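Observations on the model geometry
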Amino acid sequence: MLNKQQIRFCLDTMGEMFPDAHCELNHRNPFELVIAVSLSAQCTDVLVNKVTATLFEKYKTPEDYLAVSLEELQNDIRSIGLYRNKAKNIRKLCQMLLEDYGGILPQDRDELTKFPGVGRKTANVVVSVAFGIPAIAVDTHVERVSKRLGFCKWKDSVLEVEKTLMKKVPKEEWSATHHRMIFFGRYHCKAQNPQCEICPLLEVCREGKKRMKGKDKIG
DNA sequence: CTCCCGATAT
DNA sequence: ATATCAGGAG
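None of the values given here were measured: they were computed from a predicted structure.

1. Some points on the protein's contact with DNA strand B
Residues in contact with DNA strand B, as listed here, are Gln 42, Leu 47, Lys 50, Arg 78, Ser 79, Gly 81, Leu 82, Tyr 83, Arg 84, Asn 85 and Gln 192. Here, DNA strand B places atoms within 4 Å of the protein, and 68% of those atoms are sugar or phosphate. Lys 50 places a polar side-chain atom, nitrogen or oxygen, 3.5 Å from a phosphate oxygen of DNA strand B. Contact distances for DNA strand B include 2.5 Å between a phosphate oxygen and a side-chain N or O atom of Arg 84. Elements with a minimum of two residues in the surface near DNA strand B: helix H3 (45–58) and helix H6 (83–100). Split by residue class, the surface near DNA strand B holds three nonpolar, five polar and three charged.

2. Section: the protein's contact with DNA strand C
Neighbouring DNA strand C are 28 residues, the closest being Thr 122, His 141, Arg 144, His 178 and Ile 182. Taken together, the sugar and phosphate atoms account for 61% of what DNA strand C places within 4 Å of the protein. Arg 144 places a side-chain nitrogen or oxygen 2.7 Å from a phosphate oxygen of DNA strand C. The element that contributes the greatest number of residues to the surface near DNA strand C is helix H11 (residues 174–187), accounting for four residues. Residue composition of the surface near DNA strand C, grouped by class: 11 nonpolar, 11 polar and six charged.

3. Overview of the pattern of salt bridges
Under the criterion given, the structure shown has 16 salt bridges. We note a salt bridge from Arg 186 to Glu 24, for which the minimum N-O separation is 2.2 Å. Remark: Glu 24 occurs in the loop between helix H1 (4–17) and helix H2 (30–39) and Arg 186 occurs in helix H11; sequence separation between them is 162 residues. A residue is classified by how much of its surface remains accessible, and Arg 186, at 22% relative accessible area, is partly exposed. The exposure class assigned to Glu 24 is partly exposed, which follows from its relative accessible area of 21%. Because the salt bridges share partners, they merge into one network encompassing Arg 28, Glu 32, Glu 57 and Lys 60.

4. What about the packing of aromatic side chains?
Applying the stated criterion across every chain yields a total of six aromatic pairs. Judged by centre distance (5.9 Å) and plane angle (75°), the ring pair of Phe 31 and Tyr 65 falls under edge-to-face. Remark: Tyr 65 occurs in helix H4 (residues 62–66) and Phe 31 occurs in helix H2; sequence separation between them is 34 residues. Pair check on accessibility: Phe 31 and Tyr 65 agree, each one buried.

Calculation rules
- Residues numbered from 1 in each chain as written.
- Chains lettered and ligands numbered in written order.
- Predicted model: local features only at pLDDT ≥ 70, side-chain atom pairs only at ≥ 80, totals over all residues.
- Heavy atoms only, no water.
- Near = heavy atom within 4 Å.
- Polar contact = N/O pair within 3.5 Å; in protein donor to acceptor, adjacent residues only side chain to side chain.
- Helix = DSSP H or I, 4+ residues; strand = E, 2+ residues; numbered from the N terminus.
- Nonpolar A, V, L, I, M, F, W, Y, C, P; charged D, E, K, R; others polar.
- Salt bridge = Lys/Arg side-chain N within 4 Å of Asp/Glu carboxyl O.
- Buried < 20%, exposed > 50% of the residue type's maximum accessible area, 1.4 Å probe, protein only.
- Phe/Tyr/Trp six-rings, centres within 6.5 Å; stacked < 30°, edge-to-face > 60°.

The following block contains the structure:
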């Protein structure tokens, strides 16, 4: 497990590697963001943006999503995958938004998780990106990076990873940290082919050093 | 834990 | 062919 100063070094370095880390899901308002993030489950941002480019022209309000059949909405998001659950969730979300929230998306993490298809991670993204509330959304990249570097234990749950990060990182840096770790995981510390050979964090990375040792025999 | 699921990279 | 992708619900 890395100490607080080692974690600080890692996060600062990630910031230098990806100074423009940001939310890569295209959206124009909080409503579009919560739709985009719920669509992004087990799917790449690139593909979500490809779909929402046309989706957000066709559907601009909660009423618009409720005006078509479930099959039509399924068809409009089919290429995303998991489209049956996602279409059903979006309809229910729109219905709840109109009936229980006056069409206004609540700016509270725990309130947002009451919507179907919106779990803790999605809610954290929405409050952080749309409303500027400090939060650390732990997605597949943040979890992988945290565990490889040794920010937390290998067996920690995503909630435990989030708690650890919140404890080790100042609150005003939560959102920036979250995006830095996503970019670091997505473009450098990748799931399949991590760039350990050119990684500036190799000296503190337990998993990276382990991987490098295994390659000594080859080359 | 399993299921949902198409697109893309490896 | 298989792994992975800004997960969530039952």
